[in-house]
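Chains, contacts and geometry: an overview
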Amino acid sequence: MLINLHTNRTALTLFAVSQLLMLSAVNAQTVDPVTMVNAFEAAGGKFEGFRRSGAKGICATGEFVGSADGRNLSSASVFSGQKIPVIVRFSVGGGNPKAVDNAKSQRNMALQFNIPGGETWQMGNISAPVFGSSTPTQLLGRLESLAPDPSTKAPNPDKVKAFAEANPEVLLQGKYFASQPVPASFATVNYWGVHAFAFVNAKGDKQFGKWIFEPAGGVMGLSDEEAKAKGPSFLFDDLRQRVKEGQVSFNFNLQLAEPGDRLDSATVPLPESRRKVTLGSLKVTAVSEDSGGACRDITFVPTVLPKGVEPSNDPMLAARAAPYAVGIGRRLSEGSKQ
Ligand code: HEM
């Protein structure tokens, strides 16, 4: 029975991914996914068997309980109020599986809600309110500008500067990270979805918003001295300890968009004054023992959505499924490492 459920869910996910690949192919703003993944490898290095982004990660499991506000906004059964099993993957930004934990860089929280009835909801959330580019073409240009010059083995600073000056959005995320402390834990930082999504209820009312997973115990960072003392590899042990103590939970909050708000950009957050509602609570209850775990062969495609939640027309959102499929294809054929 378990095997059947798993098979059905995998088949559904593959079906969804194939549909999204077709959608991506007709989206004129989409960069060829193979070219895009090659550009990730050229800029960030190639590490066989690992994700081309978010390579250093750890898999966990947990449960989500939806709220009355969630049920008012969306008919999705994930908000029923029953415990929904969730696969959680925390990671450090970038393609290097040895990325250091004590830098002012990106942390990620990818989720897969396994909803009774066979629906799946996948997300890849990041520890910044904005992504590093607003269109796939701009992302490709940024990656190409960051690729090491073969003669110097380092990015050409003139190229990096010229691209950033012509595309100032690409600097916003780095400025945000520079303004924040190093996160004390995967469990003490906010994770944003950065794209707008629509929440549709049983009456057909549609509310757009952008979500943030906020740690129930509050945000905590390290001072520069503390970060140095922690060293390059403390996040996994820290997570295990906090989960053992039952301390890792997040409120799933939605900022409600108002008429006139930009809904098509991952580099323009909603105004801070927008009302926030809590759609439910996510609790992480177990961490996988080794680098395997349920996450290893999953790619978290943010357009795999349950009925009652719909994508916005952000071009970056539609452009994610195809390169993720290329990414998982490569790492599976290389021998998936985590
Ligand atoms: C066209 C734009 C994008 C491209 C080409 C891209 C590409 C990729 C690739 C190739 C992976 C590795 C997938 C795998 O091997 O399973 C990945 C992972 C990831 N991406 Fe993106 N990405 C894009 C946009 C974004 C945006 C806007 C966000 C922000 C929310 C984001 C967040 C993540 C996260 C959190 C992961 C790690 C997920 C995990 O733990 O498996 N990406 N991305």
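Calculation notes
- Residues numbered from 1 in each chain as written.
- Predicted model: local features only at pLDDT ≥ 70, side-chain atom pairs only at ≥ 80, totals over all residues.
- Near = placed C-beta within 6 Å.
- Helix = DSSP H or I, 4+ residues; strand = E, 2+ residues; numbered from the N terminus.
- Buried ≥ 20, exposed ≤ 12 C-beta atoms within 10 Å, placed from the backbone.
- Contact = placed C-beta atoms within 7 Å.
- pLDDT = per-residue confidence, 0-100.
- Core = buried A, V, L, I, M, F, W, Y, C linked by C-beta atoms within 7 Å.
- Expected span 1.5 Å × (residues − 1).
- Arc of directions from axis to C-beta.
- Axes fitted to C-alpha atoms, helices over the stretch in contact; angles between N-to-C directions.
- Parallel < 35°, antiparallel > 145°, perpendicular 65-115°, else oblique.
- Left-handed = near helix turned anticlockwise from the far one by under 90°.
- Nonpolar A, V, L, I, M, F, W, Y, C, P; charged D, E, K, R; others polar.
- Pairing = 2+ DSSP bridges.

Remarks on the site of the ligand
As a structural note, the neighbourhood of the ligand is formed by 30 residues, with G54, N108, G124, T299 and G327 the closest of them. At the level of secondary structure, the elements contributing two or more residues to the shell around the ligand comprise α2 (33-44), β2 (83-92), β3 (107-114), β4 (120-126), α4 (136-146) and α10 (321-334). Broken down by element, the shell around the ligand gets its largest block of residues, five residues, from α10.

Regarding the environment of K337
Turning to its location among the elements, K337 is positioned in the segment after α10. Its 15 C-beta neighbours within 10 Å are what place K337 among the partly exposed residues. As for K337 and G292, which are separated by 45 residues in sequence, their C-alpha atoms are 7.1 Å apart. Apart from the residues within four sequence positions on either side, K337 is in contact with G49, F50 and S291.

Description of the confidence of the model for the protein chain
Taken over all residues, the pLDDT of the protein chain has a mean of 93, while the share at 70 or more is 91%. By mean pLDDT, the top-scoring element of the protein chain is strand β10 (residues 249-256) (99), and the lowest-scoring one is helix α1 (residues 2-26) (45). Every residue in residues 1-8 scores below 50 in pLDDT, and together they form one contact with partners more than four places removed in sequence or on other chains. Low pLDDT, under 50, characterises residues 10-28; the stretch is placed with 22 contacts to residues that sit more than four places away or in other chains.

Re the nonpolar core
If you look at the biggest cluster of nonpolar residues, it comprises 64 residues, and the most contacted ones within it are A60, V78, V86, V88, F113 and L239. Apart from residues lying up to four places away in sequence, V86 is in contact with T61, G62, E63, F64, L111, Q112, F113 and L282. The next biggest cluster of nonpolar side chains, apart from the first, holds five residues, and it includes L73, A196, F197 and A257.

Examining unusual backbone geometry
For K153, which is not glycine, the phi dihedral falls at a positive 60 degrees. Within the secondary structure, K153 is located in the loop between α4 and α5 (157-166). Phi angles above zero are rare outside glycine, and V194 is one such case at about 60 degrees. Relative to the helices and strands, V194 resides in the loop between β6 (191-192) and β7 (197-200).

Side note on the environment of L239
Within the fold, L239 resides in helix α8 (residues 235-244). For L239 and S185, which are 54 residues apart along the polypeptide, the C-alpha to C-alpha distance reads 6.9 Å. Beyond its immediate chain neighbours, meaning those up to four positions away, L239 contacts I58, F90, S185, F186, A187 and V287.

A short note on α2
Within an α-helix, residues lying three or four positions from one another point in the same direction, as the helix has 3.6 residues per turn. Across its 12 residues, α2 extends 16 Å between first and last C-alpha, which sits within 8% of the 16 Å expected from 1.5 Å per residue. Within α2 the residues assigned to the buried category are P33, M36, V37, A39 and F40. With its buried residues spanning 155 degrees around the axis, α2 presents them on a single face. On its buried face, α2 is in contact with α4 and α10.

Here's the deal with the packing of α2 against α4
Describing two packed helices takes the angle between their axes plus the distance from one axis to the other. Orientation of α2 relative to α4, taken along the N-to-C sense of each, is 30 degrees, at an axis distance of 8 Å. Classed by the angle they form, the pair α2 and α4 counts as roughly parallel. For α2 against α4, the interelement crossing comes out left-handed. Each of T35, M36, A39, F40 and A43 in α2 lies in contact with α4, whose residues at this interface are L140, L143, E144 and L146. Here the residues of the contact of α2 with α4 sort into seven nonpolar, one polar and one charged.

Looking at the pairing of β3
For β3, the buried fraction is high: seven of the eight residues fall into the buried class. The sheet contact formed by β2 and β3 spans seven bridges and is antiparallel. When the sheet's bridge partners are listed, I87 is paired in β3 with Q112. Inspection of the sheet shows β3 paired to β4 by seven bridges, in the antiparallel sense. Bridged to F113 within β4 is W121. Counting the residues in the hairpin turn of β3 and β4 gives five residues, including G117, whose phi is positive at 105 degrees.

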